[in-house]
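Architecture and fold: a report
So the chains spell out like this:
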Amino acid sequence: MLKQISKEHDSIVDDERTSNTVAALKQGILDNLFYVLGKRVEVSTDMDHFMALAYTVRDRILARWLTTREDYAKNNVRTVYYLSAEFLMGPYLASNILNLGIDDVIRQAAGELDLDLNHLIGQESEPGLGNGGLGRLAACYLDSLATLGVPAMGYGIRYEFGMFHQAIRDGWQVELTDYWLRYGNPWEIRRPQACVEVGFGGHTQSWADSFGEYKVLWTPDEVVKGVPFDTPIVGYRSGVANTLRLWRSEANESFYFDRFNSGDYEGAVGAKIFAENISKVLYPNDEEIRGKELRLQQQYFFTSCSLQDMIRRHETTGHSLENFHEQCAVQLNDTHPSIGVAELMRLLVDIHGFGWDKAWDITSHTFNYTNHTLLPEALERWSLPMFQSLLPRHLEIIYEINSRFLSLVRTKFPNDEARVARMSIIDEHGERYVRMAYLACVGSGHINGVAKLHTELLKSDVLRDFYELWPEKFINVTNGVTPRRWLAVANPEQSELMTSKIGHDWIGDLDQLSKLERYAEDSAFRSEWQGVQRAVKVRLAQYIAAKTGISVDPSSMFDAQVKRIHEYKRQHLNVLYILTQYYRQKKDPTLEISPRTFLFGGKAAPGYFMAKLIIKLITSVAEVINSDPEVNQHLKVVFLPDYNVTFGQLVYPAADLSEQISTAGKEASGTGNMKFAMNGALTIGTLDGANIEIRDAVGHENFFLFGLTAAEVVARKAAGYHPHQIYESNGALREVIDGIASGRFSRGDGSLFRPLVDGLLNSDPYLLFADYQTYVDCQDRVCKTYRDQEAWSKMSIYNAARMGQFSSDRSIRDYCKDIWNITRFEIGAGLPASK
Ligand code: CBF
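Residues numbered from 1 in each chain as written. Predicted model: local features only at pLDDT ≥ 70, side-chain atom pairs only at ≥ 80, totals over all residues. Heavy atoms only, no water.

Let us look at the overall build of the protein chain. Helix and strand counts for the protein chain come out as 35 helices and 23 strands. Whereas a compact globule of 835 residues would reach a radius of gyration of roughly 28 Å, the protein chain reaches 28 Å, a difference of no more than 12%. Its C-alpha atoms put the protein chain at 90 × 75 × 55 Å along the principal axes. Of all 835 residues assigned to the protein chain, the portion counted as buried reaches 61%. Sequence-distant contacts, at least 24 apart, represent 77% of the contacts inside the protein chain between residues at least 6 apart. Accessible surface computed for the protein chain: about 31,500 Å², of which carbon and sulfur atoms make up 52%. (Helix = DSSP H or I, 4+ residues; strand = E, 2+ residues; numbered from the N terminus. Rg over C-alpha atoms; globule rule 2.2 N^0.38 Å. Buried < 20%, exposed > 50% of the residue type's maximum accessible area, 1.4 Å probe, protein only. Contact = heavy atoms within 4.5 Å. Areas by Shrake-Rupley, 256 points an atom, 1.4 Å probe, with all protein chains shown as cover.)

This is the structure in structure tokens:
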């Protein structure tokens with residue numbers, strides 16, 4: 001009976017209340033405004049209208065969300081679980097509307113209610129639950145998984161405060177708290193019935209049971225509750241909505257009230273604070289993350305919640321845990337969730353009574369590990385005493401994993417104790433540490449890098465010993481980005497033009513863009529392309545003026561470097577070039593240079609002094625150049641504060657030139673490089689990360705290459721690198737460095753940039769000086785090319801047309817085929833697109 005009613009209700013829901021007619025959408029907005037938000041039209045605000053619209057869109061997602069889940073359960077599918085401490089999703093509204101295919105009707109419905117859809121879209125505060133590339137990649141992958149109809153779920157943390165907001169005061173970065181939940185989050189649903197418990201600290205006891213089996217009981221000191229919040233992830237016209245499940249930590253009532261009832265009020269409050277702190281705030285990527293206990297708590301918290309949840313789901317769909325690894329493919333997004341290897345062992349052995357060997361067989365066939373960095377300081381390791389006090393049982397398990405693993409190493413490489421010490425999960429040199437990347441390697445079936453060069457460097461350098469032991473585990477999956485958000489949503493002008501020529505299939509199949517190639521030689525098309533580019537630049541110029549008060553000329557070249565601020569990304573190399581141009585122009589005001597606007601955006605980790613000083617350098621140089629009438633007709637420098645996904649959607653489409661100038665061998669992949677090129681920007685870059693593959697794809701003649709290769713960087717350092725000699729022998733460089741050191745760009749304060757200047761002169765670890773001259777020469781070629789707008793547009797069209805392989809759909813297909821062993825996509829394909 002209940003079933004019958006529910007069926008009827010479903011059809012009512014689908015056909016009337018949530019149909020996609022303009023009338024139903026209008027009614028939905030008004031109903032949600034009144035019934036959900038409790039507001040009358042006359043007193044409602046922009047934020048209320050956004051909320052009402054968001055609920056109206058969510059109402060249209062629910063049926064497919066539930067159906068997707070039911071279909072997965074019915075079809076007994078193998079599921080991908082993407083574990084990530086960061087999901088930088090960006091605002092949902094525009095992308096959900098696009099993926100549902102209801103853009104036109106929604107726009108009309110909003111218009112008929114006197115609402116401006118773009119303005120409402122602009123009201124959404126973005127969930128900044130990630131630092132940068134890694135978190136944004138996770139978001140692109142969720143979009144592609146749902147689009148391709150791959151049964152998948154994202155698991156992470158619902159941070160109460162996401163990535164800090166960046167204000168610029170007196171040219172310095174200031175961090176402000178991100179209250180992204182201030183007005184509520186219309187997309188998520190709290191699911192308290194599915195909460196789980198997670199323990200911390202305490203002690204273990206072991207004994208042999210009546211069958212002589214070794215047993216361990218872990219009694220934690222603290223137990224917290226993980227409460228899931230689910231957000232639907234809508235596939236692009238696939239009929240599928242997967243789930244992003246984020247965990248919030250809350251006090252476990254029994255623990256909390258026990259203490260309270262026994263009069264231990266302080267203990268009770270302490271337990272509550274301990275619990276709530278765990279999901280309180282996202283860690284900004286600091287140079288040094290070691291020693292931060294709360295971060296390990298966060299990692300264990302969300303990983304344990306997620307694994308317990310997977311096991312429950314697996315068992316409730318009638319499966320035995322014996323075949324957990326056949327149904328579940330868990331992807332570790334970097335080392336942050338790698339404690340999962342020990343946790344799954346604990347759950348299987350201690351809680352579900354498996355023997356070690358069977359449990360290891362399941363565990364090591366469940367996990368796969370993606371490495372995202374070559375920087376040694378970013379490879380996580382936890383001090384042993386801290387690990388021991390927080391996760392005593394896990395440390396025992398890691399010791400056991402390590403001892404078995406090292407026996408294997410000894411068998412394969414006899415009499416090589418140096419290798420054994422190098423590969424040990426426990427770092428025994430000096431203070432002892434648990435090396436999380438090694439735990440991930442040992443416990444995973446596959447290990448992948450995120451661009452071809454990166455994977456090769458993992459094999460030859462960072463994880464070389466592991467490659468020599470298990471070459472078959474290593475695989476490359478070059479990153480990709482979703483064309484839905486980064487082209488269709490971000491750049492409607494270019495999208496429309498492309499669609500008018502090649503149809504709209506490219507949105508779901510980016511290889512279709514290659515059909516644009518033939519238009520590169522068509523001058524009428526090129527002039528349309530230029531028109532579009534101009535319109536997008538005007539939009540950004542207006543935004544810059546409103547945000548910073550700086551007026552920039554849309555007909556100047558927009559040269560953009562937006563990404564986290566880091567010495568290896570070399571924003572300061574860009575500054576050295578800007579100052580080179582500045583001095584040239586000052587010396588010869590008649591010099592003909594293409595007018596250029598240098599755009600910077602990005603956040604520095606709060607504890608990373610050099611990165612913050614680089615921001616101060618950019619803003620100081622901007623102050624001098626922008627106010628100098630002798631140069632400001634040609635040069636403008638803008639630091640765009642608080643760079644985030646929303647802002648990226650404005651910048652990528654408007655750039656003419658994309659700066660991808662990291663020291664070769666340092667950037668794992670980069671994904672901004674892909675977003676720029678897809679939107680028609682030309683790249684100036686080194687042979688680093690995915691730049692290499694982008695250059696091969698777009699054509700070497702359509703890419704501005706400079707700088708040392710990764711191998712040359714290593715050789716140069718090995719041969720003894722002397723930046724001071726380069727400074728002495730290069731007059732232009734000397735002039736720039738002396739200018740910075742003299743206080744010319746810091747209101748006469750010669751000490752301000754001293755740490756930066758001294759660092760470059762004395763060690764220059766990221767080889768700015770070595771690459772300086774080739775960079776300047778290459779920039780001069782850029783200027784020359786830009787003067788020929790026809791040639792530039794041609795190159796721009798070739799760039800966009802040849803970026804098909806950098807769609808995250810291709811990356812996800814690679815993961816499915818080479819790592820997750822998922823070959824059929826029948827779920828997504830089997831559903832009607834409109835359901
Ligand atoms: O793989 C995604 C991105 O991850 C990083 O941002 C990271 O956090 N390790 C890398 O720095 C990028 O190169 C990479 O594209």
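Below, the discussion takes up the UniProt feature "modified residue: N6-(pyridoxal phosphate)lysine" (unreviewed entry) in the protein chain. The UniProt feature table records "modified residue: N6-(pyridoxal phosphate)lysine" (unreviewed entry) at Lys675. With respect to the helices, strands and loops of the structure, lysine 675 is situated in helix 26 (residues 672-678). (UniProt positions renumbered as here; feature names shortened; annotations may be inferred.)

As a volume, the largest pocket reaches approximately 1,500 Å³. Residue lining of the largest pocket: 49 residues in total, with Ala94, Asn118, Ile121, Val489 and Gln649 positioned closest to the centre. Breaking the lining of the largest pocket down by element, the ones donating at least two residues are helix 4 (93-100), helix 5 (103-112), helix 6 (117-121), helix 20 (483-489), helix 21 (492-502), helix 22 (523-548) and helix 25 (645-654). When the residues that make up the lining of the largest pocket are grouped by side-chain class, the tally is 21 nonpolar, 14 polar and 14 charged. The computed volume of the second largest pocket comes to approximately 640 Å³. In terms of lining, the second largest pocket is formed by 28 residues, of which the most central are Leu374, Pro376, Leu379, Asp461 and Val462. Residue assignment for the lining of the second largest pocket shows that the elements contributing at least two residues are helix 17 (436-443), helix 18 (452-462), helix 19 (464-469) and helix 28 (710-718). Top contributing element to the lining of the second largest pocket by residue count: helix 28, with 5 residues. (1 Å grid on protein atoms, 1.4 Å probe; cavity = no way out; pocket = protein on both sides within 12 Å on 5 of 7 lines; lining within 4 Å. Points joined across faces, edges and corners; volume = space filled by probe spheres on them. Nonpolar A, V, L, I, M, F, W, Y, C, P; charged D, E, K, R; others polar.)

Moving on, we get to the pairing of strand 8 (residues 214-219). Bridging between strand 7 (residues 203-208) and strand 8 involves 6 bridges; their strand directions are antiparallel. Paired with glutamine 205 across the strands is leucine 217, a residue of strand 8. What sits between the antiparallel neighbours strand 7 and strand 8 is a turn of 5 residues, in which glycine 212 has the positive phi angle 80°. (Pairing = 2+ DSSP bridges.)

Looking now at the confidence of the model for the protein chain. Caution applies to low-pLDDT parts of the model: their predicted coordinates are not meant to be read in detail. Confidence in the prediction for the protein chain averages 95 pLDDT; 96% of positions are at 70 or higher. Put simply, helix 35 (residues 826-830) is where the protein chain has its lowest mean pLDDT, 46, and strand 21 (residues 657-660) is where it has its highest, 99. Confidence drops under pLDDT 50 across residues 1-6; counting only partners more than four residues distant or on other chains, this segment forms 0 contacts. A low-confidence stretch, residues 829-835 stays under pLDDT 50, and its non-local contacts, those more than four residues away or across chains, total 13 contacts. (pLDDT = per-residue confidence, 0-100.)

What follows is about the sheet that holds strand 22 (residues 682-685). Within the open sheet, the 6 strands sit side by side as 20-19-18-21-22-23. Their pairing is parallel. Only two strands of the sheet have a single partner each, and these edge strands are strand 20 (635-640) and strand 23 (704-705). As paired elements, strand 18 (residues 557-562) and strand 21 share 2 bridges and run parallel to each other. In the sheet register, aspartate 559 faces strand 21, and the bridge partner there is leucine 657. Here helix 23 (residues 571-587) sits on the sheet and contacts strand 18, strand 19 (596-601), strand 20 and strand 21; the angle it forms with strand 19, its principal contact strand, is near 155°. (Axes fitted to C-alpha atoms, helices over the stretch in contact; angles between N-to-C directions.)

Relative to the assigned elements, arginine 435 resides in strand 15 (residues 433-435). Arginine 435 sits in the buried class, given a relative accessible area of 11%. Among the polar contacts made by the side chain of arginine 435, one reaches the main-chain carbonyl oxygen of arginine 422 at a distance of 3.0 Å. When near neighbours in sequence (up to four residues on either side) are disregarded, arginine 435 contacts Glu380, Arg381, Ala421, Arg422, Met423, Ser424, Ile425, Ile426, Asp427 and His429. (Polar contact = N/O pair within 3.5 Å; in protein donor to acceptor, adjacent residues only side chain to side chain.)

The next thing to look at is the site of the ligand. By nearness alone, every residue bordering the ligand is listed as Gly133, Leu134, Leu137, His372, Val450, Asn479, Tyr568, Glu667, Ala668, Ser669 and Gly670. One of the side-chain N or O atoms of tyrosine 568 is found 3.3 Å from an oxygen atom in the ligand. Measuring from an oxygen atom of the ligand, one finds a backbone N or O atom of alanine 668 at 3.3 Å. For the ligand, whose free accessible area comes to 350 Å², the fraction covered by protein is 87%. Across the shell around the ligand, the residue classes break down as 5 nonpolar, 5 polar and 1 charged. (Near = heavy atom within 4 Å.)

According to the stated counting rule, one finds 55 salt bridges in the structure shown. Residue lysine 616 pairs with aspartate 170 through a salt bridge whose shortest N-O separation is 4.0 Å. Of this pair, lysine 616 sits in helix 24 (residues 609-626) while aspartate 170 sits in the loop between strand 3 (165-169) and strand 4 (172-176), and the two are 446 residues apart along the sequence. According to the relative accessible area criterion, lysine 616 is buried, its value standing at 10%. Judged by relative accessible area, which is 56%, aspartate 170 ranks as exposed. Salt bridges sharing partners connect three or more residues here, namely Arg69, Arg191, Asp230, Arg245, Asp309 and Arg312. (Salt bridge = Lys/Arg side-chain N within 4 Å of Asp/Glu carboxyl O.)

Within the secondary structure, alanine 800 sits in helix 33 (residues 789-801). Looking at alanine 800, the relative accessible area reads 0%, which means it is buried. Taking C-alpha positions, alanine 800 is 33 Å from proline 284, a pair spaced 516 residues apart along the chain. The contact partners of alanine 800, leaving out residues within four places of it in the chain, are Gln494, Leu513, Trp529, Ala677, Met678 and Gly680.

Let's shift gears to the sheet that holds strand 15. If you walk across this open sheet you meet the 3 strands as 13-15-14, and the pairing is antiparallel. Only two strands of the sheet have a single partner each, and these edge strands are strand 13 (381-383) and strand 14 (426-427). As paired strands, strand 14 and strand 15 are joined by 2 bridges and run antiparallel to one another. Looking across to strand 15, one finds that aspartate 427 is bridged to tyrosine 433. The sheet strands contacting helix 17 are strand 13 and strand 15, and the helix crosses strand 15 at an angle near 40°.

Structurally, the position occupied by serine 556 is in the loop between helix 22 and strand 18. Within the local environment of serine 556, its side chain forms a polar contact with the backbone oxygen of aspartate 553, the two atoms lying 2.6 Å apart. Reaching out from serine 556, the side chain makes a polar contact with the side chain of threonine 597 at a distance of 2.6 Å. When residues no more than four places from it in sequence are discounted, the contact partners of serine 556 are Lys537, Pro595, Arg596, Thr597, Asp656 and Tyr786.

With that settled, the discussion passes to helix 17. Helix 17 sits mainly inside the fold: 8 of its 8 residues count as buried. Of all the positions in helix 17, only Met436, Ala437, Tyr438, Leu439, Ala440, Cys441, Val442 and Gly443 are classed as buried.

This part is about helix 24. Between its first and last C-alpha atoms helix 24 spans 25 Å; for 18 residues at 1.5 Å apiece the expected length is 26 Å, and the two agree. By the criterion of burial, helix 24 is predominantly enclosed, with 15 of the 18 residues buried. (Expected span 1.5 Å × (residues − 1).)

Now for the environment of aspartate 509. Following the sequence through the fold, aspartate 509 ends up in the loop between helix 21 and helix 22. Among the residues examined, aspartate 509 registers a relative accessible area of 31% and is labelled partly exposed. With 298 residues separating them along the chain, aspartate 509 and serine 807 place their C-alpha atoms 8.3 Å apart.

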